[in-house]
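# Overview (structure and organization)
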Amino acid sequence: MATTKRKRATTRADNQASSDDLLKYYREMLLIRRFEEKAGQLYGMGLIGGFCHLYIGQEAVVVGMQSAITGDDGVITSYRDHGHMLACGMDAGGVMAELTGREGGYSRGKGGSMHMFSKEKNFYGGHGIVGGQVPLGTGIAFNYKYRGEDRVCLTYLGDGAVNQGQVYEAFNMAALWQLPVVYCIENNQYAMGTSTQRHSSSPDLYQRGMAYGIPGEQVDGMDVLAVKEAGERAVAHCREGKGPYILELKTYRYRGHSMSDPAKYRTKDELDKMRKEHDPIDMVKKLLIDGNIIDEAGLKDIDKEVKAEVAKAAEFAQNSPEPDVSELFTDILIDA
Amino acid sequence: MPIEVLMPALSPTMTEGTLAKWNVKEGDTIASGDVIAEIETDKATMEVEAVDEGTVGKIVIAEGTENVAVNAVIAYILEEGEDASALDNVSASSGGAAPAAEEKTAAPAEEAAPAASTASAAPVAASGAIERSDAEPRAMSVMNATQDEKTYTSFKTQTVREALRDAMAEEMRGDENVFVMGEEVAQYQGAYKVTQGLLDEFGDRRVVDTPITEIGFTGMATGAAFMGLKPIVEFMTFNFAMQAIDHIINSAAKTLYMSGGQLGCPIVFRGPNGAAARVGAQHSQCYASWYAHCPGLKVIAPWSAADAKGLLKAAIRDPNPIVFLENEIMYGQSFEVPDDDDFVLPIGQAKIEREGTDVTIVAFSIMVGKALKAAEQLAEQGISAEVINLRTIRPLDVNTIIRSVMKTNRLVTCEEGWHFAGIGSEIASVVMEHAFDYLDAPVARVTGEDVPMPYAANLEALALPQEQHIVDAAKAVCYR
């Protein structure tokens, strides 16, 4: 199989998104951002414990990719997973309640920020070991192929995970067996505090599957339409039975690696430039206004709706009781 | 009502910090995501972003203030349509915001902490509100009678290797979701020929040769098991599973719990464990205690061909992740196996291979054979030894062990693995907890020597526990 090297298919060919689509993307991205801001606030209040990795800045990646698949397709990711869950249609209250460690959380408070799942929405975690989700997602794709189902598994990984050995073990088998898996490398340019320049011998992560003949493209991950377009191409490749595909989605996280990371390894100018010039939500907002699809008042209504949804989620997450002490000993083994 | 801006925590352990700088002043309009202040602890500086939009109504804590308690009100934001008069009420009610916040109610995690630490700090007693998970089952299991395997009328002589293959083939015939994956399992017919014939019968969709890529295929099989397939993952030996132990424990064993019961993992990890012969340190290790340590896994270690067949079938049918520890040296040994497709042994039940009255010898896998031979020697010397074949390491059949010790009052444990934190250590603890008053001698552990496995034939023999060690230990606990 020839390796496609679409060098920097960065920007979308043209804007084919309908007005409804744009409004949907705007709302979904805004929901993730407001949700994450609220999570950050609850963390600051001591209501969320442990590690909390926020997705702010990267919203276009999951929203764009999710619009390229159907609800039957699978999604798996690492620990920066709140955005993925919301994009999969999981309930914001259930996600927030898991962050606060409450009974109403998706894992009934036993998983936390990094470990959430929804079988119903085909979201398979939420995994805390860097790179661990890559063979797991490949196994989900193996399962689709084994059963002869026309489904694809989006397997997300960060730029930090691309240096884990198991990622390549998975790439090799996915290519060898032509498994329907799209590896979505969310390159937010920092593996915790180490920039790609300092951790990766080659900055072009979309080429990491070349040795296995896996086609890859680099995509502007701040542009939801570009992500969707590339995502559709990747998913179609899988559905045609041609095996795995790699998308490197160049993105940026505005916050630190986790809540306790002040992110001193990058300049304020770099962050400001991304926020001012490449913000994924502002971009869609501009398309909506410039295209006369909606006016400022209409956007404000959406903002209010989203804010209300997040407020409701936060309230639920604080009012939901802690899990019953008996939960300590449940779900360890299934009764045979 | 004006919105309270609270002093945030940078980490769960932070209780106070310095409000280093205000980036906004009263009257400024702010939007979500705007950086409004900077706070400092001794470890880091962090920007505080606005979560709500509005106008900065009042700054309560001036910049430069040190020791500001987490969750203290540091400012008020006026929502759209509110003016400064809205602050009149709040100022009065939250005058002592900072000190009041010290008694924050928002610490569910801290409330839970004492209970959890109590449980772990007092492993024996079921102290505190929460009882240890195994305290109750342990007590109960002592009450229950041991069930032995069903009695069958028809038997056939089989090697352990054949029994394992038949177990897989029978279960694959019965369930389309069962498949075998591993290095050399298909075309080569198994590195140790355990999967012989499976490719011919089931084809390459269900008998999958993998590259030499343990963590990769273990993770893949685990992902497939999350989706309801039932993979049998063959490790050429369990030594190589060290590459994959992250997925066995972090993914396979923990996901059911982490998902609140949503995602099960019906998978069997099988292959030869322990020492083979003259293969050196990296290929000769017993992993029983490694895996048995972990909740969320079941660990099985068959000895005979009947064990192998009945337990592997049970393992494949079980909805949980199972580590199935075989032994290379046992593969070629023959035993009588019930000639019945429905022959399945219960997981979690030990078998008394030989009854006795003077001393209990507990063993698993290849050590069962050595224990039985030792028992013969002991009988010649007038000591009646009871030999228990554990069959399952986790969950441990505490009942059978305790019952036997109550009868014999003396116990010898046997394993190939090292003594430190070994299976024998666990059994000694369990017996001390449940049958302390019945012991007439300290429990003796027969284990491998505390060294990496040497290659030289004479040294290897010295490193491995032998029949004679068991005889000596049994005599010692009998004070003979």
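Since this is a predicted model, take the numbers as computed values, not measurements. (Residues numbered from 1 in each chain as written. Chains lettered and ligands numbered in written order. Predicted model: local features only at pLDDT ≥ 70, side-chain atom pairs only at ≥ 80, totals over all residues.)

### Brief notes about the overall build of chain B
- Along the backbone of chain B there are 16 helices and 22 strands.
- Per-residue burial for chain B yields a buried fraction of 49% across its 480 residues.
- In chain B, 74% of the contacts between residues at least 6 apart in sequence involve partners at least 24 apart. (Helix = DSSP H or I, 4+ residues; strand = E, 2+ residues; numbered from the N terminus. Buried ≥ 20, exposed ≤ 12 C-beta atoms within 10 Å, placed from the backbone. Contact = placed C-beta atoms within 7 Å.)

### Quick word on helix 11 (residues 305–317) of chain B
Residue and element names in this part refer to chain B.
- Here helix 11 is 13 residues long and its end C-alpha atoms lie 18 Å apart, about the 18 Å a rise of 1.5 Å per residue gives.
- For helix 11, the buried fraction is high: 12 of the 13 residues fall into the buried class.
- Residues Ala305, Ala306, Asp307, Ala308, Lys309, Gly310, Leu311, Leu312, Lys313, Ala314, Ala315 and Ile316 constitute the buried set of helix 11. (Expected span 1.5 Å × (residues − 1).)

### Re the nonpolar core
- By size, the foremost hydrophobic cluster in this structure holds 236 residues, and its most contacted members are Val182 of chain A together with Ile361, Val412 and Ala474 of chain B.
- The element contributing the most residues to this core is helix 1 (residues 19–44) of chain A, with 11 residues.
- Aside from chain neighbours lying at most four places away, what touches valine 182 of chain A is Val152, Leu154, Thr155, Ala234, Val235, Cys238, Tyr245 and Leu247 of chain A. (Core = buried A, V, L, I, M, F, W, Y, C linked by C-beta atoms within 7 Å.)

### Concerning the sheet that holds strand 17 (residues 351–354) of chain B
Residues and elements named next belong to chain B.
- Strand order in this open sheet of 5 strands is 17-19-18-21-22, and the pairing throughout is mixed. Among the strands making up the open sheet, the edge pair consists of strand 17 and strand 22 (444–448). Across this sheet, the average inter-strand angle for adjacent strands is 25°, counted without regard to direction.
- Bridge count between strand 18 (residues 359–363) and strand 21 (residues 411–418): 3 bridges; the pairing is parallel. When the bridges of strand 21 are listed, isoleucine 361 appears paired with valine 412. (Pairing = 2+ DSSP bridges. Axes fitted to C-alpha atoms, helices over the stretch in contact; angles between N-to-C directions.)

### Details of the sheet that holds strand 11 (residues 207–209) of chain B
Residues and elements named next belong to chain B.
- Pairing within the open sheet is mixed, and its 7 strands lie in the order 11-10-12-13-15-14-20. One side of each edge strand has no neighbouring strand; the edge strands of this open sheet are strand 11 and strand 20 (392–394). Across the sheet, the mean angle from the axis of one strand to that of its neighbour is 20°, orientation sign disregarded.
- As paired elements, strand 14 (residues 298–300) and strand 20 share 2 bridges and run antiparallel to each other. Within the sheet, the bridge partner assigned to valine 299 lies in strand 20 and is arginine 394.
- Along the sheet, helix 6 (residues 198–206) contacts strand 10 (178–182) and strand 11; its crossing angle with strand 11, the most-contacted strand, is approximately 70°.

### Side note on the environment of phenylalanine 324 of chain B
All names here are of chain B.
- Following the sequence through the fold, phenylalanine 324 ends up in strand 15 (residues 322–326).
- Separated by 25 residues in sequence, phenylalanine 324 and valine 299 have C-alpha atoms that sit 6.0 Å apart.
- Residues contacting phenylalanine 324, with those up to four places away along its chain left out, are Val268, Phe269, Arg270, Ile300, Leu312 and Ala315.

### Regarding the domain arrangement of chain B
- Along its sequence, chain B is carved into domain 1 (3–102), domain 2 (155–338) and domain 3 (351–477).
- Here the C-alpha centroids of domain 1 of chain B and domain 3 of chain B sit 66 Å apart. (Domains from an automatic or database assignment.)

### A short note on the interface of chain B and chain A
- In this assembly, 59 residues from chain B lie in contact with 49 residues from chain A.
- Of all elements in the fold, only strand 5 (45–49), helix 3 (108–121), helix 7 (214–226), helix 8 (245–253) and helix 9 (255–258) of chain B reach the threshold of two or more residues within the side of chain B that touches chain A.
- Counting residues per element, the side of chain B that touches chain A draws most heavily on helix 7 of chain B, which supplies 10 residues.
- Of the residues assigned to the side of chain B that touches chain A, the class counts are 32 nonpolar, 22 polar and 5 charged. (Nonpolar A, V, L, I, M, F, W, Y, C, P; charged D, E, K, R; others polar.)

### With respect to unusual backbone geometry
- Residue glycine 126 of chain A is reached from glycine 125 of chain A by a cis peptide bond, and omega for that bond is 25°.
- The residue glycine 126 of chain A is located in strand 3 (residues 123–126) in this model.
- Cis geometry marks the peptide bond from arginine 394 of chain B to proline 395 of chain B; its omega dihedral reads 0°.
- Its place among the elements puts proline 395 of chain B in the loop between strand 20 and helix 13 (398–408).

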